[in-house]
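# Results of the structural survey
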Amino acid sequence: MPHLAVHPPGASLPTSAFALPTRLSAKAQPHLIAADDALFSRVSQALETESARLTTRLAELRATRVASGEAAVERDALIREASAQLSLLGRFDLDLCLGRMVTTNGETLHIGRMGIRDELGDPLLVDWRTSAAEPYFAATLASPFGLTSRRRYRWRDGVVIDYWDEQLSPDGGADAAVLDDQSAFLAALSAVRSPQMPDVLGTIQADQDAVIRTSARRPLVVDGGPGTGKTIVALHRAAYLLHSAPQVRSGGGLLFIGPTASYLRYVDDVLPRLGEDAVQMCTLSDLVPETATAPESAHSARIKGALDPAEVVDRAVSLYEQPPTDDLSVPTPAGEIPVGPGMWAEAFRAGIGTTPHNDARDEVWDDLVDIIVDHARDLDDDIDEELTRRMVRCDPALRAALNAAWPVLDPLDVVGDLWTVPAYLGMCAPGLAPTQIDALIRRGPREWTAQDLPFLDAARRRIGDPDALRRRRTDERESAAERTRMSDVIDDLISADDSELREMTMLRGADLQTALENSGGRTVPQPDRLAGPFGHIIIDEAQELTDAQWRMILDRCPSKSVTIVGDRAQARDGFAETWEERLSRMGLSVETVHLSVNYRTPAEVMAEAGPVIRAALPDANVPDSVRSSGHPVRRERTEAFIPVIEAWLSAHEQGTVGIIAVDPSVLPVPDYWRRSERVNAFNPLEVKGLEFDLVVLVDPDRFGDGITGAVDRYVAMTRSTAELVVLS
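Residues numbered from 1 in each chain as written. Predicted model: local features only at pLDDT ≥ 70, side-chain atom pairs only at ≥ 80, totals over all residues. Heavy atoms only, no water.

## Here we look at the overall build of the protein chain
To be explicit about the condition: Only DSSP runs of H or I with at least four residues qualify as helices, and only runs of E with at least two residues qualify as strands; both kinds are numbered from the N terminus onward. Partly exposed describes any residue whose relative accessible area lies between the buried limit of under 20% and the exposed limit of over 50%, with all areas from a 1.4 Å probe on protein chains only and scaled to the type maximum. Contact definition: two residues touch when any of their heavy atoms are within 4.5 Å. To measure how exposed things are, a 1.4 Å probe is used in the Shrake-Rupley method; for residues, cover is taken only from the protein chains shown.
The secondary structure content of the protein chain amounts to 27 helices and 21 strands. By residue count, 49% of the 728 residues in the protein chain fall in the buried class. Relative to all contacts within the protein chain whose residues are 6 or more apart in sequence, the contacts with residues 24 or more apart total 70%. Accessible surface, the protein chain as shown: approximately 33900 Å² in total, 52% of it carbon and sulfur.

Written out as structure tokens, the structure reads:
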């Protein structure tokens, strides 16, 4: 039963923002909550003012007309920022406030999801990402960071339903009524799960906050076992860096790479709740448009994963960039110009560089035409240069020679040829042994596997998009035709102009000519939003990545500013090296931090999951659990599949069930389970990063043998936040 009336969102507070149940009446005493209520009343008024200000600001920005270029980019960034803040105000009210802290000098600061000031500019809520808010998250009894106490609120439907005070110094002055054994953090851990990751910002722990706020100047590895909060750290670090590291935004923004589509659906509301909607989120396979559906042997995958895709593709493309060795003659007004290997080589040097192959082809052609025209001018100073250029460009033999020596390539064809033509693969990957080449050769050139994706990505970067080249040439032809048509129209208008001032001659002005040419409204193709560059990249579950996949990611981040999140013990193919050893091959000198406390998985589950992984990896870093659920792991026969889950759903009005099996499609899942958001079935590869109140493992012995099988069982078991049932 609530202690006081609930106020509607956005309205002024009639009485109190606290709606504590009767059992917590001791916490509702005025001397404990009156100061907070007074602050919340001021916040409520400020939120209305700020919402109106942002609405007006957004309308003004959208109405602002700017030229293309930096001004437009800056305006769009301001629109995104204002929209994100307005969206945050739309979904939160007073519950923007996470808690408060009291410093040793008696100052009380309230921490919020965003900063809020009153009409005089005085801070009411301090943005959680600022340095001023850091003590709220970092303070511990051992290191109080200048605080005497900290209060955490627990909100529901816009009101405080509970709160906890932590005394951080002997003279903290906290009231015994609010010093509860059940801390805010453990209460959040015990809460039932939903289909999306819960909001945990208010209960970020000191070890997690330290990682979140680590500088982005150096590559960072966050290593931790299941339940240590790696994903929470990764997501909140994304929001923190976008706010506090200007080089991330100016460098192209932030890319967040997760392991599966299920994982992205689970976490996709976390960043908007933190006021950030500009983060690009994807899986590794999303980085290229092709879909990898073909199977591949583990042996073949390991061989590809160890290659450098850029080097292999560069050798493959270079074979199509060989200057002709035969002479030919090109007619010009000055006579026949012999075009020999030297002239071809000089022109080809113009195309060798950072420009993609298909685009560089035009540079080679332009340079070759210039060279030939220069030779013609040497023979006759008075030649018509424009006529000479047209003659050279129209010479069929010259163009045929270029087409043969520097053809337009399709990235898919080049990569497909690598896996179907042994001699070609041998030339492009000379370090491969004949047996390795045999292992990579297949029948279908475009039967893409997951390990092909880095090569497809490298091929696109090295070659370019052939469709884009065709579109550009079509646009150029259309533009040329449009210019000719407009020139004819202008000539007609000028010839018909009999006014004294001859005003129509202004149509020959360069600015007006440009405006007329651009009036056709042709759209410029938008660049691939995942192609980069990015100012920072965060990769979760990074222990699974091969060297080839790492190179695909790092190609998108010139600064090499990355956050790498993972657990070596959860690598399905094993991870014998250290993080430093593996990433040094990518040219990264990393700082590594370790998370060792398991906040999510109950001790009962870890007691059984730990031996599973240590049987395969004796030195696995198994984190210690901080809590117990009171539910021992249950073992049943597979016939109990439906009764076990039905009984749990009947006993729990809220919460989620995760069913994990080798092939979930063959399970006897009732239709109403399929329609429910509370019950979902996955195979072991799909559950990394997810969590459920009840996990049901179906025949885990079928998950496989060796390290791979042990890792799959370990990962599946540790998805539980409360109960685990093993059916076999």
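That covers the picture; the talk isn't over yet.
## Some words on the sheet that holds strand β5 (residues 147–156)
Convention followed: Here, strands pair whenever DSSP counts at least two bridges between them. Fitted lines through C-alpha atoms give the axes, limited to the stretch in contact for helices. The angle between two N-to-C directions lies from 0 to 180 degrees.
The strand order across the open sheet built from six strands is β3-β4-β2-β1-β5-β6, with neighbouring strands paired in mixed fashion. Each of the sheet's edge strands pairs with one partner strand only, and the pair in question is β3 (116–117) and β6 (159–167). Bridging between strand β1 (residues 97–103) and strand β2 (residues 108–112) involves five bridges; their strand directions are antiparallel. Paired with G99 across the bridge in β2 is I111. Along the sheet face, helix α1 (residues 30–63) touches β1, β2, β3, β4 (123–127), β5 and β6 and points at about 85° away from the line of β4.

## Comments concerning the nonpolar core
Worth spelling out the cut-off: Residue types Ala, Val, Leu, Ile, Met, Phe, Trp, Tyr and Cys, when buried and joined through side-chain atoms within 4.5 Å, form a set referred to as a nonpolar core.
I111, W128, F137, L254, F256, I613 and L724 are the most contacted members of the largest nonpolar core, which has 71 residues in total. With sequence-adjacent residues up to four places away left out, L724 is seen in contact with V605, P632, V633, R634, V695, L697 and M717. Of all hydrophobic cores here, the second largest spans 31 residues; its members include A17, I33, L88 and L125.

## Describing the packing of α1 against helix α2 (residues 70–91)
Put simply, the rule reads: Roughly parallel here means an angle under 35 degrees, roughly antiparallel means over 145, roughly perpendicular means 65 to 115, and every remaining angle is called oblique. Should the near helix be turned counterclockwise from the far one by less than a right angle, the crossing is left-handed, whereas a clockwise turn marks it as right-handed. Just so you know the grouping, Ala, Val, Leu, Ile, Met, Phe, Trp, Tyr, Cys and Pro go in nonpolar, Asp, Glu, Lys and Arg go in charged, and all remaining residues, Gly too, go in polar.
Between α1 and α2, whose axes approach to 9 Å, the crossing angle comes to 150°. Taken as axis vectors, α1 and α2 run roughly antiparallel relative to one another. Both α1 and α2 take part in a crossing whose hand is left-handed. Between α1 and α2, the contacting residues are L47, E50, S51, L54, T55, R57, L58, L61 and R62 on the first element and R75, L78, I79, A82, S83, Q85, L86 and L89 on the second. Broken down by class, the residue content of the contact of α1 with α2 amounts to nine nonpolar, four polar and four charged.

## A closer look at helix α27 (residues 706–717)
Stated precisely, the cut-off is as follows: For a helix, the expected span equals 1.5 Å multiplied by the number of residues minus one.
For α27, built from twelve residues, the straight-helix expectation of 16 Å at 1.5 Å per residue is met to within 8% by its first-to-last C-alpha distance of 17 Å. Where burial is concerned, most of α27 is hidden: nine out of the twelve residues are buried. Among the residues making up α27, those that are buried are G709, A710, V711, D712, R713, Y714, V715, A716 and M717. Looking at the buried residues of α27, the elements they touch are α24 (603–616), β18 (657–660), β20 (692–698) and β21 (720–727).

## Observations concerning the pattern of salt bridges
Pairing between side chains of opposite charge can happen when the charged atoms of each approach one another. Rules: Salt bridges are counted wherever a side-chain nitrogen of Lys or Arg sits within 4 Å of a carboxyl oxygen of Asp or Glu.
Summed over all chains, the structure comprises 42 salt bridges. Taking the shortest distance from any N to any O, the salt bridge between R377 and D374 comes out at 2.9 Å. Residue R377 and its partner D374 are both found in helix α13 (residues 357–379); the two are separated by three residues, about one turn of the helix. Take R377: its relative accessible area is 27%, and that puts it in the partly exposed class. A network of salt bridges, in which partner residues are shared, links D370, D374, R377, E385 and R389.

## Looking at the sheet that holds strand β12 (residues 536–539)
Ordered by their spatial adjacency, six strands build an open sheet running β9-β8-β12-β13-β7-β14, and the pairing between neighbours is parallel. Every interior strand has two partners, whereas the edge strands, β9 (280–283) and β14 (591–595), have only one. With direction set aside, neighbouring strand axes in the sheet form an average angle of 15°. In this structure, strand β7 (residues 220–224) lies alongside β14, joined through five bridges in parallel fashion. Bridging across to β14, L220 finds its partner in E591. Packed on one face of the sheet, helix α22 (residues 547–554) meets β8 (254–258), β12 and β13 (562–566) and runs near 145° to β12.

## Points about the layout of surface pockets
Counted only if it meets this: Only protein atoms enter the calculation, which uses a 1 Å grid: trapped sets of points that fit a 1.4 Å probe without letting it out are cavities, open sets showing protein on both sides within 12 Å along at least five of seven lines are pockets, and any residue with an atom within 4 Å of a point is a lining residue. Grid points are joined across faces, edges and corners, and a volume is the space filled by probe spheres set on the points.
Roughly 1500 Å³ of internal volume is contained in the largest pocket. For the largest pocket, the lining is made up of 46 residues, of which A450, Q451, E544, Q549 and D573 are closest to its centre. Among the elements of the structure, β8, α10 (298–306) and α22 are those that each provide at least two residues to the lining of the largest pocket. With five residues, α10 is the single largest residue contributor to the lining of the largest pocket. Per-class residue counts for the lining of the largest pocket are 18 nonpolar, 14 polar and 14 charged. The calculated volume of the second largest pocket comes to roughly 1300 Å³. A77, R80, L242, R249 and A278 are the residues nearest the centre of the second largest pocket, which is lined by 44 residues in total. At the level of elements, α2, β3, β4, α6 (230–244) and α7 (246–250) are the ones that each hand at least two residues to the lining of the second largest pocket. With eleven residues, the top contributor of residues to the lining of the second largest pocket is α2.

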